[in-house]
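Per-entry structural report
Residues per chain are reported as follows:
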Amino acid sequence: MGSRPTFLIVGAGLAGAKAAQTLREEGFDGRVVLLGEEPERPYERPPLSKGLLLGTTPRRDVYVHDADWYEAKDVELRTATRVTGIDRDARQVVLADGERLGYDELLLTTGSTPRRLDVPGSGLDGVWYLRTAADSDRIAEALTDRAHLVVIGAGWIGLEIAAAARQHGAAVTVVETADLPLQRVLGDEVARVFADLHRQHGVTFHFGVGVRQLQGTGRVSSVLLTDGTQLAADTVVVGVGVQPNVQLAEAAGLKVENGIVTDARLLSSDPHIYAAGDVANAYHPLLDRHIRVEHWANALNGGPAAARSMLGQQVEYARLPYFFSDQYDLGMEYSGWVAPGGYDQVVFRGDPAVVDDGAPEFMAFWIKDGRVLAGMNANVWDVTDQIQALVRAGHGGRAVDLARLSDPRVPLGDLLS
């Protein structure tokens, strides 16, 4: 390495851009190189299925930094640049054109890729996946009041797209192999709230069924389900989950298991390679396990944590998983972590029933042995800090009085008193 240290960041999304920003804010005066495959400078992804589709967020507002920020901060941003390999012995990354870039420390923020639908007809025109700003632009063009949209997968992305499409007047059908939307993430009790919300807004669901074939000549015109049902469709959006982009790490011999395995410092099995964002399966000290979190807040906070770790600072990345969603007039925030089926009951504070004149206002808490493992606030604001305090106490072994937890008259802050 030369006299001026070089920190490379592979992956120019939110996590990578925030890592570069943190390096400069922490006083690092070496070379910072940020490499991204997309032709655009780093942007945030939540608006892709929310404000951009609705037309309420201008395209210019999605970018992490202004266009001139990178030059002003002496960050070498290389867009439309693909990294094809990592030479750990030489401490170099290899680019698609054969160029090699040396590094003192390397951060991988390579993100994730939508899982593909493997059925006949999946290559037809009009079949879209949402991951990039360009994807969002294409889908937005199709959301008209004459459109027939079929969404495959009732996860967060699928439901947000369904909500945006209905608000544009499109006819929307959602196909899901589970019995309810978001069932694996939220469990039956809260999943029913989202099913009722979308039905109230005119969405048709087909649960417990998969896709056998996409049909059409050149462009998709219908979706054939495994139970024989045929759905008219001029646009299909597939949202059946993502898979972490671990190819570089795997080829380089890093430890990979549902993402790049890291410790609480976000350090991989190589002493000079770190990982953050969707791609990192990081050890969480409070939860005492490795978890991989695919949401915005993890990129926002994980990138800076990895940057500080690269600088040799004492880092323990222990933020609680957090995500948010906006669907119609329901906005929600979720804090915590629950293994699928790993709770005894859900305690509601407020009425979760969907009403005709608006979305419900409530909180929900996932409970195990009297301990709060996760909490959601729906159309109830400025309570995230209190909910996270309850969740941290719960994962630390402390139980709460469930009757008081369900009582809106009892301040959340008093439950740990």
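Up top is the structure these notes are about.
Everything in this summary refers to the structure shown in the same document.

Rules of the game
Residues numbered from 1 in each chain as written. Predicted model: local features only at pLDDT ≥ 70, side-chain atom pairs only at ≥ 80, totals over all residues. Heavy atoms only, no water. Helix = DSSP H or I, 4+ residues; strand = E, 2+ residues; numbered from the N terminus. Polar contact = N/O pair within 3.5 Å; in protein donor to acceptor, adjacent residues only side chain to side chain. Contact = heavy atoms within 4.5 Å. Core = buried A, V, L, I, M, F, W, Y, C linked by side-chain atoms within 4.5 Å. Buried < 20%, exposed > 50% of the residue type's maximum accessible area, 1.4 Å probe, protein only. Pairing = 2+ DSSP bridges. Axes fitted to C-alpha atoms, helices over the stretch in contact; angles between N-to-C directions. Parallel < 35°, antiparallel > 145°, perpendicular 65-115°, else oblique. Left-handed = near helix turned anticlockwise from the far one by under 90°. Nonpolar A, V, L, I, M, F, W, Y, C, P; charged D, E, K, R; others polar. Salt bridge = Lys/Arg side-chain N within 4 Å of Asp/Glu carboxyl O. 1 Å grid on protein atoms, 1.4 Å probe; cavity = no way out; pocket = protein on both sides within 12 Å on 5 of 7 lines; lining within 4 Å. Points joined across faces, edges and corners; volume = space filled by probe spheres on them.

In this structure, Asn245 sits in the loop between strand E17 (242–244) and helix H7 (247–251). There is a polar contact of 2.8 Å between the side chain of Asn245 and the backbone oxygen of Thr110. Residue contacts for Asn245: discarding those within four places in its chain leaves Thr110, Gly111, Ser112, Thr113 and Val279.

Judged by nonpolar contacts, the single largest core of 49 residues is most densely connected at Val172, Leu186, Phe194, Met332, Tyr334, Trp366 and Met376. The element best represented in this core is helix H5 (residues 156–167), accounting for seven residues. Those residues in contact with Phe194, other than ones at most four positions away along the chain, are Trp156, Leu159, Pro181, Leu182, Leu186, Gln327, Leu330, Met332 and Met376. The next biggest cluster of nonpolar side chains, apart from the first, holds 29 residues, and it includes Leu14, Ala19, Ala282 and Met310.

With that out of the way, let us pick up the sheet that holds strand E4 (residues 83–87). Backbone hydrogen bonds hold the strands of a sheet together, and the pairing may be parallel or antiparallel. With respect to topology, three strands assemble into an open sheet ordered E4-E5-E6, the strand pairing being antiparallel. One side of each edge strand has no neighbouring strand; the edge strands of this open sheet are E4 and strand E6 (100–102). Averaged over neighbouring strand pairs, the angle between their axes works out to 25° when direction is ignored.

Every buried residue belonging to helix H4 (residues 133–142) is among Ala133, Asp135, Ser136, Ile139 and Ala142, and all of these are buried. Against the buried residues of H4 lie helix H2 (51–54), strand E9 (127–129) and strand E16 (235–238).

Looking now at the packing of H5 against helix H6 (residues 183–200). Two elements in contact, H5 and H6, have axes separated by 12 Å at closest approach and are oriented at 10°. Here H5 lies roughly parallel to H6, going by the angle between them. In this structure, H5 crosses over H6, and the sense of that crossing is left-handed. Touching Trp156, Leu159, Ala162 and Ala163 of H5 are Val185, Leu186, Phe194 and His198, all from H6. Of the residues belonging to the contact of H5 with H6, the class tally is seven nonpolar, one polar and no charged.

A sheet is described by the order of its strands in space; here five strands give the open sequence E22-E23-E26-E25-E24, paired in antiparallel fashion. The two strands at the open ends of the sheet, each matched to only one other strand, are strand E22 (322–327) and strand E24 (345–350). Averaged over all adjacent pairs, the angle separating strand axes in this sheet is 20°, with direction ignored. Note: strand E25 (residues 362–368) against strand E26 (residues 371–378), seven bridges, orientation antiparallel. Across the sheet, residue Phe362 finds its bridge partner in E26, namely Ala378.

Our next topic: the pattern of salt bridges. Counting across every chain of the model gives 21 salt bridges. Where Arg4 meets Asp74, a salt bridge forms, and the shortest distance between an N and an O atom there is 2.8 Å. Taken together, the positions of Arg4 in the segment before strand E1 (6–10) and Asp74 in the loop between helix H3 (69–72) and strand E3 (75–78) put the pair 70 residues apart, joining distant regions of the chain. Taking the relative accessible area as the measure of exposure, Asp74 reaches 38% and is therefore partly exposed.

Here we come to the layout of surface pockets. For the second largest pocket, the calculated volume is near 310 Å³. As for the second largest pocket, its lining consists of 22 residues, of which Asn298, Tyr317, Arg319, Leu320 and Pro321 are closest to the centre. At the level of elements, strand E20 (280–284), helix H8 (296–310) and helix H9 (384–395) are the ones that each hand at least two residues to the lining of the second largest pocket. Taken together, the residues of the lining of the second largest pocket break down into 13 nonpolar, six polar and three charged.

The subject of this paragraph is the pairing of E22. Here six bridges tie E22 to strand E23 (residues 330–336), and the two strands are oriented antiparallel to one another. What sits directly across from Phe324, in E23, is Glu333. Between E22 and E23, which follow one another and run antiparallel, lie two residues, and Tyr328 among them has a positive phi close to 55°.

Scope: geometric values only; no functional claims are made or implied.
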